[in-house]
Amino acid sequence: MLPFATSGSKVTPRHHVSGYSNGYPRGGTFELSPHRFQPRGTTPSFRRRRRLFVRLGIIAAVCLLFWMFLRPGGGSLFSIFSLGLLSSGDDFQLETVRYYDLSDVQGTAQGWQKEERILLCVPLRDAESHLAMFFGHLHNFTYPHHLIDLAFLVSDSKDNTLNVLLENLEKIQADEDDTQHYGEISIIEKDFGQKVNQDVESRHGFAAQASRRKLMAQARNWLLSAALRPYHSWVYWRDVDVETAPFTILEDLMRHNKDVIVPNVWRPLPDWLGGEQPYDLNSWQESETALALADTLDEDAVIVEGYAEYATWRPHLAYLRDPYGDPDMEMEIDGVGGVSILAKAKVFRYGVHFPAFSFEKHAETEGFGKMARKMEFSVVGLPHYTIWHLYEPSVDDIKHMEENFGDTSSQWEKDKTEMQNIVLQEKKKQGGGAAESKEKPDKLIKAQREERKETRKEEKKEERQPRRGGQQVTEDR
Amino acid sequence: MARPMGPVRLKKTNPLTLTIGIALCIFILYFLLGSSAPDFSAARKATAASHPLSPPTSPFRQSSPGAKLKAPPVTRYNLNNVTITNTPVENRENVLVLTPMARFYQEHWDNLLQLTYPHELITLGFILPKNKEGNAAYAELDKQITKTQRYGPEKDRFKSIIILRQDFDPPLISQDEAERHKMQNQKPRRAAMAKARNSLLFTTLGPDTSWVLWLDADVIETPPSLIQDLAFHNKPLIAPNCFQKFYNSEKKKMDERPYDFNNWQDSPTAQKLGESLGADDILLEGYKDMPTYRTLMAYMYEDGGDVHYEIPLDGVGGTALLVKADVHRDGAMFPPFSFYHLIETEGFAKMARRLGWQATGLPNYKVYHYNE
């Protein structure tokens, strides 16, 4: 057949399908002819895919169930819907809002019963060799460990301080004994090094001393501002080089319920030097002489205790110690030493800090005491409650000793006789044999002192000046 | 007549209806159960602390109620790596916005929300007194916080929010503007304010804050790019000029007037006046019976002047103030006592100066205070 003939056959005859050949329309007549349903020969698309939908539904249901069994932790509908659909499956929620009422953290005399949290601040620099001793103290604290948060500042350290510190702390937190675990532990790293070099002025030895104190103040402020939280009731500052201190020191100091409180700090010495010596001379009561002196000084001048030239005639906490005195006896002071300070957190919250500038002619811990007094907080020292600083003749010490050898300023003479008197007094009592120390820590100290006497070296020196005897005014720049 | 209806019915209950039904069920279930648990992106979760005992400037993981809390981890913070630069967004620097709040203003909150600085880098800190007024302000603040942090879009949600209640009573002075600004009421009022600011600052600063923005609760309008704009100058302390919008009945239209008079440059007269005062007395600004002749930034505004124009300042106000965190870390605080005869924010500028940090002002960059 020819192609045009086939194409011609597709032309629909006009009057054939729509009706009968007689011309009447088909509609309206009763008709049972099967071809009436012919145009709907295809099933509706939804019905056609119904099986597919059913299958998908079954698969989805199985998946859900499967998921439910696979995730035993998040078995509830809740977790399936929120985590299964939204996130990749971390099963924790974030808390972004914190609410604290500061009147709950005022600090009271019985903090350990009221679950009051203490922030323990420890500034460190090249302190690797002291850390073992420090962790011994940490282990022995009787204050509930989980209520103590630790904060360390490691600055400009050239030794292995940081790693030793980390290792020891991680060991504590992994201890099997839950009561050994401490609260929040922060290690703050910050180097102030560059500034030291800028500030050190060789033309005047004491200028360097003043800026050293300012730098230490700065370090303390950085540590505190990074670690103080709204849930702290107390802040305890402690140096690593404390050799002997009662295990109960936190409770002992807290019991006094003072805003700022410090113990007396002495250090043991080899027997030929007198056996013991006042160490921390930064805790003192203000005197008229010192106030008059301060008025004559330049705005940036810092009176640094311990490098004698001017006599300020301040009563020092250290020299007032009586080994058999009442350890609970209190004494109001104006300057404080930084070896071991317990303060209510609100002191720091209200803004008292360690001035890294000359505040009323003082810086660092002494300025801290001054500022606390300015803001009408109680600042108290315990003359007969003693902790013991490590004795180590440093290069600095020896140099200083040589520099000042034979120096007989009035303050030094006064200091020396006072110290010797105390030593004599103690020896008399020891000789008597009857007097027994009433404090456990004091016994410990004595035992250690005995040991030291046995192993002491054959150094020969007639005299040794107390490391921080007398005062010196130095000027920064 | 029995018409076969079967096929018609089948057609009506078609699977599309079923599918829609199931989908609706899932949606209802999802919104019923899932909406109470909004979630954060993995990136945000990664920056969260693992224990509730952690710096409040970071969110922390909520532990499941049954689980026993583990001993807190040993956490290292290297403050040598906390940068403070003039491109804070690029360097992902954390900003702490601190606000002492006695009254809640909705406009203040709305203004915070419209800040364009990435909200995941902003921590808000509030301190409210513990009295009736404080409770009312807290209730409103809490409502807005829940709305944003819980139900708001993630980009609106702030990194964390800290609310503190003061542990001391504010001096009994009415909050009425006229009474509040009386001279003899100023010292106790500002001393209490200084304590509130210090409490807020030193408990929230934490180890990873780069900038601290002080913004009073009654500052209701700032440019959205406030943080970036101020940080751009890279100054230790920088204060914009605080104005107030009011209805000028003479001109019969809205007008503006200077508001914060604590941003000033010192004068020899004020210095001399200070010397004549007792050790605990303070110098105040903006009072007729104490003319100090200081140069006030409030009056240095020039219409159409360069918004980046900088001037050195000796005293700052706290209405809006951007401070490098290092200044506070060095110890610069708001003295609640007479410090060189200055108190609170003005004393703060002086203390910062003593620590070697100079304050700067932007006379042509304006923010607006609420009009009572």
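Residue numbers restart at each chain and count upward from 1, following the sequence in its written direction. Labels are handed out in written order, letters beginning with A for the chains and numbers beginning with 1 for the ligands. This being a predicted model, a pLDDT of at least 70 is required before a residue's local features are given, and a value of 80 or more before pairs of side-chain atoms are given or counted; all residues contribute to the totals for chains, interfaces and linings. Note that the side-chain values use all heavy atoms of the structure and ignore hydrogens as well as water.

The name recorded for chain B in an unreviewed UniProt entry is Glycosyltransferase family 62 protein, from Immersiella caudata. UniProt positions are given in the numbering used here, feature names are shortened, and annotations may be inferred rather than shown by experiment. Under Sequence similarities (unreviewed entry), UniProt gives the following word-for-word description of chain B: "Belongs to the ANP1/MMN9/VAN1 family."

If you check an unreviewed UniProt entry, chain A appears there as Glycosyltransferase family 62 protein from Immersiella caudata. The Subcellular location (unreviewed entry) field of the UniProt record for chain A holds the comment "Golgi apparatus membrane". Comment text from UniProt for chain A, heading Sequence similarities (unreviewed entry), reads "Belongs to the ANP1/MMN9/VAN1 family."

A word on the overall build of chain A. Helical segments are the DSSP runs of H or I of at least four residues, strand segments are the runs of E of at least two, and each set is numbered from the N terminus. Helix and strand content of chain A: 15 helices and 14 strands. Relative accessibility thresholds used throughout: buried, under 20% of the residue-type maximum; exposed, over 50%; partly exposed, between the two (1.4 Å probe, protein chains only). Looking at chain A as a whole, 52% of its 477 residues are labelled buried. When the accessible surface of chain A is summed, it comes to about 23800 Å², and 54% of that surface belongs to carbon and sulfur atoms. For accessible areas, the Shrake-Rupley method is used with a probe of radius 1.4 Å. Any residue's cover is judged against the shown protein chains and nothing else.

Per the secondary structure count, chain B includes eleven helices and 14 strands. Looking at chain B as a whole, 53% of its 372 residues qualify as buried. Contacts are residue-level and defined by heavy atoms, with any inter-residue pair within 4.5 Å sufficient. A separation threshold of at least 6 residues defines the contact pool for chain B, and within that pool the share at least 24 residues apart is 78%. Surface accessibility of chain B: about 16800 Å² in total, with carbon and sulfur atoms responsible for 56%.

Before going further, it helps to examine unusual backbone geometry. Residues and elements named next belong to chain B. Its identity as a non-glycine residue notwithstanding, Asn234 has a phi of 55 degrees, on the positive side. Here Asn234 is to be found in the loop between helix H8 (226-232) and strand S8 (237-248). Here Lys252, not a glycine, exhibits a phi torsion of approximately 60 degrees, which is positive. Tracing the backbone shows Lys252 in the loop between S8 and strand S9 (253-258). Accessibility expressed as a relative area gives 61% for Lys252, which makes it exposed.

Right, let's get into the packing of helix H7 (residues 186-204) of chain B against helix H11 (residues 344-354) of chain B. Residues and elements named next belong to chain B. Only C-alpha atoms enter the line fits that serve as axes; for helices the fit covers just the stretch in contact. Angles between N-to-C directions range over 0 to 180 degrees. It is the contact of H7 with H11, at a shortest axis distance of 9 Å, that shows an interaxial angle of 60 degrees. With respect to their mutual orientation, H7 and H11 come out oblique. Contact residues: Arg190, Met193, Ala194 and Arg197 in H7; Glu344, Thr345 and Glu346 in H11. Class assignment for the residues of the contact of H7 with H11 results in two nonpolar, one polar and four charged. For classification, angles of less than 35 degrees are called roughly parallel, those exceeding 145 degrees roughly antiparallel, those between 65 and 115 degrees roughly perpendicular, and all remaining angles oblique. For this scheme, ten residues count as nonpolar: Ala, Val, Leu, Ile, Met, Phe, Trp, Tyr, Cys and Pro. Four count as charged, namely Asp, Glu, Lys and Arg, and the remainder, Gly too, count as polar.

This next bit is on the packing of aromatic side chains. The relative placement of two aromatic rings is captured by the distance of their centres and the angle of their planes. Stacked, tilted and edge-to-face pairs are distinguished by plane angle, under 30 degrees for stacked and over 60 for edge-to-face with tilted covering the rest, among Phe, Tyr and Trp rings (Trp via its six-membered ring) whose centres lie within 6.5 Å. Counted by the stated rule, this structure contains 26 aromatic pairs over all chains. Considering the side-chain rings of Phe354 of chain A and Phe368 of chain A, the 4.8 Å spacing of their centres and the 25 degrees angle between planes classify their relative orientation as stacked. Remark: Phe368 of chain A occurs in helix H12 (residues 364-374) and Phe354 of chain A occurs in the loop between helix H11 (345-349) and H12; sequence separation between them is 14 residues. Across this residue pair, the class does not change: Phe354 of chain A and Phe368 of chain A are buried. Ring geometry for Phe261 of chain B against Tyr299 of chain B: centres 5.6 Å apart, planes inclined by 35 degrees, an arrangement best described as tilted. On the criterion of sequence distance, the pair formed by Phe261 of chain B in the loop between S9 and strand S10 (264-265) and Tyr299 of chain B in the loop between strand S11 (295-296) and strand S12 (311-313) is long-range, its members being 38 residues apart. Under the relative-accessibility criterion, Phe261 of chain B is labelled partly exposed at 25%.

In this section: the packing of helix H5 (residues 128-140) of chain A against helix H6 (residues 161-173) of chain A. Residue and element names in this part refer to chain A. Look at H5 against H6: their axes get within 9 Å of each other, and the N-to-C directions meet at 20 degrees. Comparing their axes, H6 and H5 come out roughly parallel. Relative to H6, the crossing made by H5 is right-handed. Together, Glu128, Leu131, Phe135 and Leu138 of H5 and Thr161, Val164, Leu165, Asn168, Leu169 and Ile172 of H6 make up the contact between the two elements. Considered class by class, the residues forming the contact of H5 with H6 number seven nonpolar, two polar and one charged. The sense of a crossing depends on the near helix, which, turned anticlockwise from the far helix by less than a right angle, makes the crossing left-handed and, turned clockwise, makes it right-handed.

Its location among the elements puts Arg314 of chain A in the loop between strand S10 (301-305) and strand S11 (331-332). Residues adjacent in sequence count toward polar contacts only when both atoms are side-chain atoms; beyond that, a polar contact is any pair of N or O atoms within 3.5 Å, and within protein one must be able to donate a hydrogen and the other to accept it. Within the local environment of Arg314 of chain A, its side chain forms a polar contact with the side chain of His362 of chain A, the two groups lying 3.0 Å apart.

Moving on, we get to the interface of chain B and chain A. Taken together, the contact between chain B and chain A spans 76 residues of the former and 69 residues of the latter. As used here, buried area is the combined drop in accessible area, with a 1.4 Å probe, of two parts when they are placed together. Taken over both partners, the interface formed by chain B and chain A buries close to 6800 Å², and the fraction arising from carbon and sulfur atoms is 61%. Together, Val74, Asp167 and Arg354 of chain B form the three largest contributors to the area buried by chain B at its contact with chain A, with a combined 10%. A pair is scored as a salt bridge if a Lys or Arg side-chain nitrogen falls within 4 Å of a carboxyl oxygen belonging to Asp or Glu. Applying the counting rule to chain B against chain A returns five salt bridges. A salt bridge links Arg349 of chain A to Asp167 of chain B; the nearest nitrogen and oxygen atoms lie 3.0 Å apart.

Residues and elements named next belong to chain B. The element H11 is extensively covered by neighbouring structure, given that nine of its eleven residues are classed as buried. Where H11 is concerned, the buried positions are Glu344, Thr345, Glu346, Gly347, Phe348, Ala349, Met351, Ala352 and Arg354. Residues of H11 that are buried sit in contact with H7, S8, S10, strand S13 (320-324) and helix H10 (325-329). A positive backbone phi angle near 95 degrees is found at Gly356, which sits one or two residues after H11.

On to the nonpolar core, then. Among buried residues, those of type Ala, Val, Leu, Ile, Met, Phe, Trp, Tyr and Cys that are joined through side-chain atoms within 4.5 Å constitute a nonpolar core. Core analysis: the biggest nonpolar cluster contains 83 residues, and Val235, Trp237, Val260, Phe348 and Phe368 of chain A together with Trp214 and Phe348 of chain B have the highest contact counts within it. Take this core: its biggest share by element is eight residues, from helix H8 (residues 205-227) of chain A. The residues contacting Phe368 of chain A, other than those within four sequence positions of it, are Val260, Val336, Ile341, Ala343, Val347, Phe348, Val352, His353, Phe354 and Pro355 of chain A. In terms of nonpolar packing, the next biggest core, distinct from the first, is built from 44 residues, Leu131, Leu165, Leu169 and Ile387 of chain A among them.

All names here are of chain B. Pairing of S8 with S9 involves six bridges; the strand directions are antiparallel. Paired with Lys245 across the two strands is Glu256, which belongs to S9. For two strands to be treated as a pair, DSSP must find at least two bridges joining them. Hairpin connection from S8 to S9: four residues lie between these consecutive antiparallel strands, with Lys252 at a positive phi of about 60 degrees.

Residues and elements named next belong to chain A. A score between 0 and 100, pLDDT records how confident the predictor is in each residue. Per-residue pLDDT for chain A averages 75, and the proportion of residues at 70 or more is 62%. Across residues 196-204, where pLDDT falls below 50, the model places seven contacts with residues more than four positions away in sequence or in other chains. Contacts for the low-pLDDT stretch residues 405-410, under 50 throughout, to residues beyond four places or in other chains number six contacts.

Next up on the list: the environment of Val97 of chain A. Tracing the backbone shows Val97 of chain A in strand S2 (residues 97-101). Residue Val97 of chain A is classed as partly exposed on the basis of its relative accessible area, which comes to 23%. When the C-alpha positions of Val97 of chain A and Lys344 of chain A are compared, they lie 26 Å apart, and in sequence the two are 247 residues distant. For Val97 of chain A, the residues in contact, after removing those within four places along its chain, are Ile145, Gln149, Ile161 and Ile163 of chain B.

Turning next to a nonpolar patch on the surface. Nonpolar side chains (Val, Leu, Ile, Met, Phe, Trp, Tyr) within 5 Å and like charges within 9 Å form the patches, drawn only from residues with over 30% relative accessible area and no salt bridge. On the surface, a cluster of nonpolar side chains totalling about 370 Å² of accessible area is made up of Leu52, Phe53, Leu56 and Ile59 of chain A. Leu52 of chain A sits in the partly exposed class, given a relative accessible area of 46%.

This part is about the side chain of His232 of chain A. All names here are of chain A. Among the structural elements, His232 can be located in strand S6 (residues 232-238). Here Arg229 takes part through its backbone nitrogen, which lies 3.1 Å from a polar atom of the side chain of His232. When near neighbours in sequence (up to four residues on either side) are disregarded, His232 contacts Val105, Arg117, Ile118, Leu119, Asp149, Ala227, Ala345 and Arg349.

Before going further, it helps to spend a moment on the pattern of salt bridges. One pass over the structure, following the stated rule, counts 38 salt bridges over all chains. Between Asp149 of chain A and Arg117 of chain A there is a salt bridge; the shortest N-O distance is 2.7 Å. Pair noted here: Asp149 of chain A is in strand S4 (residues 148-154) and Arg117 of chain A is in strand S3 (residues 117-124), with a separation of 32 residues, a long-range link. Across the pair Glu344 of chain B and Arg197 of chain B runs a salt bridge whose closest N-O atoms are separated by 2.7 Å. Of the two residues, Glu344 of chain B is situated in helix H11 and Arg197 of chain B in helix H7; the sequence distance between them amounts to 147 residues. Among the residues examined, Glu344 of chain B registers a relative accessible area of 5% and is labelled buried. Residue classification places Arg197 of chain B among the buried positions, given a relative accessible area of 2%. Salt bridges here are not isolated pairs; linked through shared partners, they connect Arg190, Arg197, Asp216, Asp266, Glu285, Arg294, Glu344 and Glu346 of chain B.

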